[in-house]
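# Observations on chain architecture
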Amino acid sequence: MSNFFNSESHELLALLLSSLRVSTPLIFAAMAGFFSERSGIVNIALEGKILIGSLTGVLAASYFHSPWMGLMGAAVVGLVIGAAYALMTIILKADHIVSGVALNLFAAGITPLACNYFYGASGSSASLASEDRFLSAPVYLALVIPFLIDFWSRFTPSGLWHRVAGEEPKALKGAGISVLKLQFTSLMISGALASMGGAVLSTFLSSSFSRNMSAGRGFIALAALILGRWKPLPTFFACLFFGLSEALQIRLQGLSFSDGSTLPVQWIFILPYAITLIVLAGFLGRSRAPKALGRIQSE
Amino acid sequence: MNPTLKQILTSLASIALAYSLGMFFVLAAGESPLLVSKVLFRSAIASQYDLGMTFFYAIPFALAGFSVALAYRSGLFNIGAEGQLNMGALGCAMMGIFYPNLPAFVAPFAAIFAALLFGGLWGLIPAVLKTERGSHEVVTSIMLNFIAAALCSYFILYILKNPESQNPESKTLGSSYLFKSFEFFQGAPVGIFLFAIPVLSILIYFFFEKSILGFEMKSAGSSLEAAEAAGISARKIQWLSFALAGATAGLIGSVEILSNSGKFKMDFSPGYGFSGIAVCLLARGNPLLITISALFFAWLHKGAMDLDIETEKMTRDMTSILQALIIAVVASQQSVVNFVKMRRRKFNS
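Residues numbered from 1 in each chain as written. Chains lettered and ligands numbered in written order. Predicted model: local features only at pLDDT ≥ 70, side-chain atom pairs only at ≥ 80, totals over all residues.

The helix and strand tally for chain A stands at 12 helices and 0 strands. Mapped from its N terminus to its C terminus, chain A presents α and β elements in the order α-α-α-α-α-α-α-α-α-α-α-α. Against the 2.2 N^0.38 benchmark of 19 Å for 299 residues, chain A shows a C-alpha radius of gyration of 20 Å, consistent with a compact globule. Once the C-alpha set of chain A is aligned to its principal axes, its extents read approximately 65 × 50 × 30 Å. Expressed as a percentage of the 299 residues in chain A, the buried residues total 52%. (Helix = DSSP H or I, 4+ residues; strand = E, 2+ residues; numbered from the N terminus. Rg over C-alpha atoms; globule rule 2.2 N^0.38 Å. Buried ≥ 20, exposed ≤ 12 C-beta atoms within 10 Å, placed from the backbone.)

Turning our attention to the domain arrangement of chain B. All names here are of chain B. If you check the domain split of chain B, you get domain 1 (1–43 + 306–349) and domain 2 (58–293). Each side of the interface is counted separately: domain 1 has 7 residues, and domain 2 has 6 residues. Among the elements that line the side of domain 1 that touches domain 2, the one with the most residues is helix α14 (residues 318–348), at 5 residues. Class assignment for the residues of the side of domain 1 that touches domain 2 results in 4 nonpolar, 3 polar and no charged. (Domains from an automatic or database assignment. Contact = placed C-beta atoms within 7 Å. Nonpolar A, V, L, I, M, F, W, Y, C, P; charged D, E, K, R; others polar.)

This paragraph deals with the nonpolar core. Generally speaking, nonpolar side chains in soluble globular proteins are found buried as a group. Within the largest apolar cluster, 204 residues are counted, with the highest numbers of intra-cluster contacts made by Ala224 of chain A together with Val279 and Ile327 of chain B. With 16 residues, helix α3 (residues 48–72) of chain B is the single largest residue contributor to this core. Residue-level mapping places this core at the junction of two domains, with at least three residues from each of domain 1 (1–43 + 306–349) and domain 2 (58–293) of chain B. Leaving out residues up to four positions away in the same chain, Ile327 of chain B has contacts with Val98, Val101, Ala102 and Leu105 of chain A together with Ile277, Ala278 and Leu281 of chain B. (Core = buried A, V, L, I, M, F, W, Y, C linked by C-beta atoms within 7 Å.)

Below, the discussion takes up the interface of chain A and chain B. Between chain A and chain B, the contact holds 36 residues from the first and 35 residues from the second. For the side of chain A that touches chain B, the elements supplying multiple residues, two or more each, are α5 (96–119), α10 (217–227) and α12 (266–280) of chain A. In terms of residue count, the dominant contributor to the side of chain A that touches chain B is α5 of chain A (14 residues). In the side of chain A that touches chain B, the residues fall into 26 nonpolar, 8 polar and 2 charged.

Right, let's talk about the environment of Gly228 of chain A for a bit. Residue and element names in this part refer to chain A. By the secondary structure assignment, Gly228 is in the loop between α10 and α11 (232–252). In sequence terms Gly228 and Ala238 are 10 residues apart; their C-alpha atoms lie 6.1 Å from each other. Those residues in contact with Gly228 that sit more than four places away from it in its chain are Pro234, Thr235, Phe237 and Ala238.

Now for the packing of α11 of chain A against α12 of chain A. All names here are of chain A. Closest axis-to-axis distance for the α11/α12 pair is 9 Å, and the angle between their directions is 170°. The angle between α11 and α12 places the two elements in the roughly antiparallel class. Residue-level inspection shows Phe242, Ser245, Leu248, Gln249 and Leu252 of α11 in contact with α12, the latter providing Ile268, Phe269, Leu271 and Pro272. Within the contact of α11 with α12, the residues separate by chemical class into 7 nonpolar, 2 polar and no charged. (Axes fitted to C-alpha atoms, helices over the stretch in contact; angles between N-to-C directions. Parallel < 35°, antiparallel > 145°, perpendicular 65-115°, else oblique.)

What follows covers α11 of chain A. All names here are of chain A. Taking 1.5 Å of rise per residue, 21 residues should cover 30 Å, and α11 covers 30 Å from first to last C-alpha, within 8% of that figure. Within the span of α11, buried status applies to Pro232, Thr235, Phe236, Ala238, Cys239, Phe242, Gly243, Glu246 and Ala247. One or two positions beyond α11, positive phi appears at Gly254, with a value near 80°. (Expected span 1.5 Å × (residues − 1).)

Residue and element names in this part refer to chain B. Position of Gln333 relative to the elements: it lies in helix α14. Between the alpha carbons of Gln333 and Leu40 there is a distance of 25 Å; along the sequence they are 293 residues apart. Each residue touching Gln333, except ones within four places of it in the same chain, is listed here: Thr10 and Ser14.

This next bit is on the confidence of the model for chain B. For chain B, the mean per-residue pLDDT works out to 90, and 95% of the residues sit at or above 70. Taken element by element, the predicted model of chain B shows its lowest mean pLDDT in α14 of chain B (78) and its highest in helix α4 (residues 81–98) of chain B (96). (pLDDT = per-residue confidence, 0-100.)

A separate point is the confidence of the model for chain A. Residues and elements named next belong to chain A. Confidence along chain A averages 89 in pLDDT terms, with 94% of residues attaining 70 or more. The lowest-confidence element of chain A is helix α1 (residues 2–5), averaging 46 in pLDDT; the highest-confidence one is helix α3 (residues 46–64), averaging 96. Here residues 1–5 is a poorly scored stretch, pLDDT under 50, and it has 5 contacts once near neighbours within four places are set aside; other chains count.

Another point: the packing of α3 of chain A against helix α4 (residues 67–91) of chain A. Axes are the key here: two packed helices are described by the angle between their axes and the distance separating the axes. Residues and elements named next belong to chain A. Across the interface, α3 lies against α4 with an axial gap of 7 Å and an inter-helix angle of 140°. Here α3 is positioned oblique relative to α4, judged by the angle of their axes. For the crossing formed where α3 meets α4, the hand is right-handed. Facing Lys49, Ile52, Gly53, Thr56, Gly57, Val58, Leu59, Ala60, Ala61 and Phe64 of α3, the residues of α4 in contact are Pro67, Met69, Gly70, Leu71, Met72, Gly73, Ala74, Val77, Gly78 and Ile81. Its residues assigned to classes, the contact of α3 with α4 shows 13 nonpolar, 6 polar and 1 charged. (Left-handed = near helix turned anticlockwise from the far one by under 90°.)

Excluding glycine, residues mostly have negative phi values, and the peptide bonds linking residues are mostly trans. All names here are of chain A. Of note in the backbone geometry, Ala215 takes a positive phi value of approximately 45° without being a glycine. Within the element layout of this structure, Ala215 appears in the loop between α9 (179–205) and α10. Of the residues examined, Ala215 has 13 C-beta atoms within 10 Å and is grouped as partly exposed. Although it is not a glycine, Trp230 adopts a positive phi angle of roughly 60°. Of the residues examined, Trp230 has 20 C-beta atoms within 10 Å and is grouped as buried.

Here it is in structure tokens:
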């Protein structure tokens, strides 16, 4: 313990690097949340999409012997899952929250089932060979993607339409742009990004798939999106902050004081959720959701 | 047609559709849907013990379903039952561990009361945040689920810890607290709580249909503005329904501890809170039908447990898949019905 707090600068650097690593899947998932929620579709299904992506990532990476193929495979499956979510929320007009619950439950069931099918055990997959894993590439992607999305969202026509869809969908209709197509595409992109976040989790932060390995990251990503007020760059920084708290938690786990008692990491675990609750309650400045978020579009 | 009957028929059709979709995954895995169906159907009732286990799962499923329904009645969505049931378990465990020598005629009541209180107060938080600060109850409830899990983990590991066990679990409660299981079920941990379910379902039914509060909840659920115009306090109704929802979910924690494990085990719930959403949706929030719906989901859940052993490729996770498919079908049903009607109209004209 004392060693850590009398830290030399490289200890701090190590902590920052590890928080950057663990925030990578969060950044992917939070950007997925951005695509979905700014277009007007509530997305509590990020968790399930991450889970499906993490299994797909391992499967594709080990099959093609390349982590990039793992990431691609997850993206493709993510597009399909995104389309399925769009089918429910947009075409069949099911409640967004209920659809999200269904997708999360589905993912929690299908991933161990598929894992059992491919690896003969439902608890975890075989480990990836080290050449089938990422060394650092996802970090660079995660550092670039939010800036690209921010630029797209602010300076391109389609980016503008995307934002308007979540605020004043009627205005889009007036301009002759199909809200339905726009939301459908947004959800497919969202599915791909969230699923890639899952692949990053299994092929970069870890070396195999294991049951429920998303462990609430989809909801932390949602929290980051709220803390970032539904804007790409603030959301990105919120992810880095939550990454830092996760890295701290990992680092402090198992460390004990001189009298042998351990530090309750639960309090650090609570941090992202508690902060989000405080922000949602408007105590740290209002975080306003897109106006038409969760609304079911009628023809 | 009688609306309740119609409701039951559409629910049955939803089950059939969702089940067929589920069997698609069975086929994809190269298993026989016939065999899987046989296992699912039979292992829930193969013996008195199996039947007991089915009831054992039905109790929390029903309570979670009631919890979701109590909020749903006022137009609120309770996705926080998972956190509320953990807090209920915490209250129950604290009661039984801090006061282990309470006499047997008050002990279980005290523990149940603690569970109701903890669950109810935890359920109240999203309602208060909603009415006072305008925060959406779904997102706050999700965050509260994680906070509850961490709080409970802290209490289990640091305050209520069982020093003799390597597992993350609390000490055992005083023996005066614990319920006996019925001999009939040959060891399945099912006791007197089994009878609490139909009683509760009837009570909630009458509360919804015959009480003024139940009526106020219903009007707030269909239109908050209209209800407020009629002099119903939205705050009172939303606080009340979420507190009741939380208390009902909290009860799950005490059922688990008092009649099954005798201690608070971390992660004892396999997601009862979320299954409650499926249970409630399938029954359309009708408390009488929730009992049946819970029994149905418990049947599937127990049946799926045996898939691990009896089939090669299928696992118990089939239960989550079927729950998810049923939720999806029921939630999208209105548009399917509208679509069919539209086609029929076109066809007729």
